[in-house]
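Inside the fold
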Amino acid sequence: MIDLHSHVLPGIDDGPKTIEGSLELARVALASGISTLLATPHASSRYPNDAQGIEQLVEQVRERLREQGIALELRAGAEIAITRIAEIAPAELHALSLGGGPWLLVEPPFTPIATGVDSIVRDLLRRGHRVLLAHPERCPAFHRDPEMLALLVREGVLTSLTAGSLTGQFGSEARRFALGLLESELAHNIASDAHDHLRRPPVMDAALEAAGPPALGEWLTREVPAAILGGEEIPIRPAAVTRPRRVPWRRR
Ligand SMILES: [Fe+2]
């Protein structure tokens, strides 16, 4: 699997404090079937990380992975807070993309009123970026106005659910909303958003089971993320598997 969202880099945000913690997270990721992990530290006002600092840390962690024989491919990205986008210079915004491709991982706010979220996203699209929204199921503004999210998806935005949302780790509302997005074909990816190897680990099995049939899981965690990293066209979602309808028993 390709995991597009993790806080694996040490000492840079609310992920592991040390590089040993990063290696623990990487070991768990590999053991749970993740072969490529995106390091997406927060780029927010609280954690104002820049692309150069992220790339340097990615290189340091890669080196330790090689030393330890942990065959996990690590790639650079960022989780860019929507509230900070206006302050980031155009070239820097490009440099913060997922794996150097055209897609930005954008974090919507956790506040119930999120005026202007849709116009900021539309502005990014106009400027030629592709937008992958991180955990919309945890954003109260989308709970209040799901049509705003549906419209953005129609305009080309993709959404990335957090695995833990599907198993209830973020409450019943996030779970209900995440399942609803999957059902209405408004979800395109599941990522771990891992922060450590224990409490929020890079493990997605239970979430994928809750999400639906294996073919859908493949699409969400392999096919779509590969296309995102490669800047290729997003493959078509596997046809919904519907339960066979019972033939009503008829009286003679
Ligand atoms: Fe995150």
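Residues numbered from 1 in each chain as written. Predicted model: local features only at pLDDT ≥ 70, side-chain atom pairs only at ≥ 80, totals over all residues.

1. Structural notes on the sheet that holds strand E1 (residues 2-3)
- Overall, parallel pairing links the three strands, which are arranged E1-E2-E4 in an open sheet. Of all strands in the sheet, those with a lone pairing partner are E1 and strand E4 (73-76), marking the two edges.
- In this sheet, strand E2 (residues 36-39) lies alongside E1 in parallel orientation, the contact comprising two bridges. Looking at E2, one finds that Asp3 is bridged to Leu37.
- On top of the sheet, helix H2 (residues 51-68) reaches E2 and E4; it is set at about 175° to E4, its chief contact. (Pairing = 2+ DSSP bridges. Helix = DSSP H or I, 4+ residues; strand = E, 2+ residues; numbered from the N terminus. Contact = placed C-beta atoms within 7 Å. Axes fitted to C-alpha atoms, helices over the stretch in contact; angles between N-to-C directions.)

2. Points about unusual backbone geometry
- With a phi angle near 25°, His135 is a residue other than glycine that sits in the positive phi range.
- In this fold, His135 is placed in the loop between strand E7 (130-134) and helix H5 (140-144).
- The phi dihedral of Glu185 is positive, around 60°, even though this residue is not glycine.
- Among the structural elements, Glu185 can be located in the loop between helix H8 (172-183) and strand E9 (189-191).

3. Concerning the nonpolar core
- Membership of the largest hydrophobic core comes to 68 residues, with the highest contact counts inside it found for Leu37, Leu105, Val106, Leu132 and Ile190.
- Contact partners of Leu37, with chain neighbours within four places excluded, come to Asp3, Ser6, Val8, Ala26, Ala29, Leu72, Leu74 and Pro202. (Core = buried A, V, L, I, M, F, W, Y, C linked by C-beta atoms within 7 Å. Buried ≥ 20, exposed ≤ 12 C-beta atoms within 10 Å, placed from the backbone.)

4. Thoughts on the pairing of E2
- In this view, the connection linking E1 to its parallel neighbour E2 by way of helix H1 (residues 19-31) has right-handed handedness.
- Pairing of E2 with E4, which is carried by four bridges, proceeds in the parallel orientation. Within the sheet, the bridge partner assigned to Thr36 lies in E4 and is Glu73. (Right-handed = clockwise from strand over helix to strand, strands pointing away.)

5. Side note on the pairing of E7
- Across the five residues of E7, four count as buried, placing the element largely inside the fold.
- Here four bridges tie strand E6 (residues 103-107) to E7, and the two strands are oriented parallel to one another. Paired with Val106 across the strands is Leu133, a residue of E7.
- Judged from the three bridges that link them, E7 and strand E8 (residues 158-162) form a sheet pairing that is parallel. Along E8, the bridge assignment pairs Ala134 with Ser160.

6. Some details on the sheet that holds strand E3 (residues 42-43)
- Strand order in this open sheet of six strands is E3-E5-E6-E7-E8-E9, and the pairing throughout is parallel. The open sheet terminates on both sides in strands that have one partner only, identified here as E3 and E9.
- Strand direction decides the pairing type here: E3 and strand E5 (residues 79-81), joined by two bridges, are parallel. Across the sheet, His42 pairs through a bridge with Glu79, a residue of E5.

7. Section: the confidence of the model for the protein
- Of the residues in the protein, 95% reach a pLDDT of 70 or more, and the chain-wide mean stands at 94.
- Of the regions scoring below 50 in pLDDT, residues 242-252 engages in zero contacts with residues more than four places distant in sequence or in other chains. (pLDDT = per-residue confidence, 0-100.)

8. So, the packing of H1 against H2
- Where H1 meets H2, the axes come as close as 10 Å, and the angle between the chain directions of the two elements is 60°. Between H1 and H2 the crossing geometry is right-handed. Note on element contacts: H2 touches H1 through Gln60, Val61, Arg64, Leu65 and Gln68, opposite Ile19, Ser22, Leu23 and Ala26. (Left-handed = near helix turned anticlockwise from the far one by under 90°.)

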